[in-house]
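Fold and contact review
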Amino acid sequence: MSDSPFDPPKPKPPTAKETAVTVIGGLGVIAADIATGGLLSTLAAIPSGGEREGPPDIRAGLAAIADTAAPARDGDRAACTRCAAWVPYASMALNEDGYFCARCAAELSQG
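Reference entry: report on the structure contained in this document. Being a predicted model, the structure only gives us computed values, none of them experimental.

What counts and what doesn't
Residues numbered from 1 in each chain as written. Predicted model: local features only at pLDDT ≥ 70, side-chain atom pairs only at ≥ 80, totals over all residues. Heavy atoms only, no water. Helix = DSSP H or I, 4+ residues; strand = E, 2+ residues; numbered from the N terminus. Buried < 20%, exposed > 50% of the residue type's maximum accessible area, 1.4 Å probe, protein only. Contact = heavy atoms within 4.5 Å. Areas by Shrake-Rupley, 256 points an atom, 1.4 Å probe, with all protein chains shown as cover. Pairing = 2+ DSSP bridges. Salt bridge = Lys/Arg side-chain N within 4 Å of Asp/Glu carboxyl O. Expected span 1.5 Å × (residues − 1). Core = buried A, V, L, I, M, F, W, Y, C linked by side-chain atoms within 4.5 Å. Disulfide = S-S within 2.5 Å.

Description of the overall build of the protein chain
- Within the protein chain one finds four helices and five strands.
- Going through the 111 residues of the protein chain one by one, you find that 12% of them count as buried.
- Sequence separation of 24 or more characterises 10% of the internal contacts of the protein chain that already satisfy a separation of 6 or more.
- If you sum the accessible surface of the protein chain, you get close to 9200 Å²; carbon and sulfur atoms cover 64% of it.

Next up, the structure:
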């Protein structure tokens, strides 16, 4: 197969010298960490100022997912996001706020 102008460029393989330098450099860092009693590992574990303290807020993430999730379904019927009425799924209206029955969709489009 020939390379066409539409194919992404392929990276050139590393030379033996580049590979040797990478391996020796890695071993040098490991040796320095051992020689300093783990100082490099300790420094790497310190969080930078830009990182958030504490665990992530799972509830905020779940709320964002719930806002964009598909409606609750039971066969061919689904629950309206606004009034929770069960209507035929095919009759529902959709916008960025959720899935709506015909009555709620009409109310939302008026106001």
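Here the narrative resumes, following the displayed structure.
Section: the sheet that holds strand S2 (residues 77–79)
- The strand order S1-S2-S3 describes an open sheet built from three strands, whose pairing is antiparallel. The sheet terminates laterally at strand S1 (73–74) and strand S3 (86–88), the two strands that pair on one side only.

A closer look at the pattern of salt bridges
- The full count for this structure, using the stated rule, is two salt bridges.
- With its nearest N and O atoms 2.7 Å apart, the salt bridge here joins Arg 82 to Glu 107. In this pair, Arg 82 is assigned in the loop between S2 and S3 and Glu 107 in helix H4 (residues 102–110), connecting sequence segments 25 residues apart.
- Using a relative accessible area of 35% as the deciding quantity, one classes Glu 107 as partly exposed.
- Notably, a salt bridge pairs Arg 103 with Glu 107, separated by 3.7 Å at the nearest N-O pair. Taken as a pair, Arg 103 and Glu 107 lie in helix H4 at a separation of four residues, close to a single helical turn.
- What emerges from the salt-bridge pattern is a single network uniting Arg 82, Arg 103 and Glu 107.

Remarks on helix H1 (residues 16–35)
- Look at H1: 28 Å from first C-alpha to last across 20 residues, which is about the 28 Å you get at 1.5 Å a residue.
- Within two residues after H1, Gly 37 carries a phi angle of roughly 75°, on the positive side.

Details of unusual backbone geometry
- Even without a glycine there, the phi angle at Ala 84 is positive, about 65°.
- Assignment of secondary structure puts Ala 84 in the loop between S2 and S3.

Looking at the nonpolar core
- Core analysis: the largest hydrophobic core is formed by eight residues, namely Ala 78, Cys 80, Val 87, Met 92, Tyr 99, Phe 100, Cys 101 and Cys 104.
- Among residues more than four places away in sequence, those in contact with Met 92 are Ala 78, Ala 79, Cys 80, Val 87, Tyr 99, Phe 100 and Cys 101.

Side note on the environment of Met 92
- Inspection of the secondary structure puts Met 92 in the loop between S3 and strand S4 (93–95).
- Judged by its relative accessible area of 13%, Met 92 is buried.
- In the structure, Met 92 is positioned twelve residues away from Cys 104 in sequence and 9.6 Å away in space, judged by C-alpha atoms.

Brief notes about the state of the cysteines
- Here the structure, examined in full by the defined rule, presents zero disulfides.
- With no disulfide partner, Cys 101 has as its closest neighbouring cysteine sulfur the one in Cys 104, 3.6 Å distant.
- The class of Cys 101 is buried, set by a relative accessible area of 6%.
- Looking at Cys 104, the relative accessible area reads 2%, which means it is buried.

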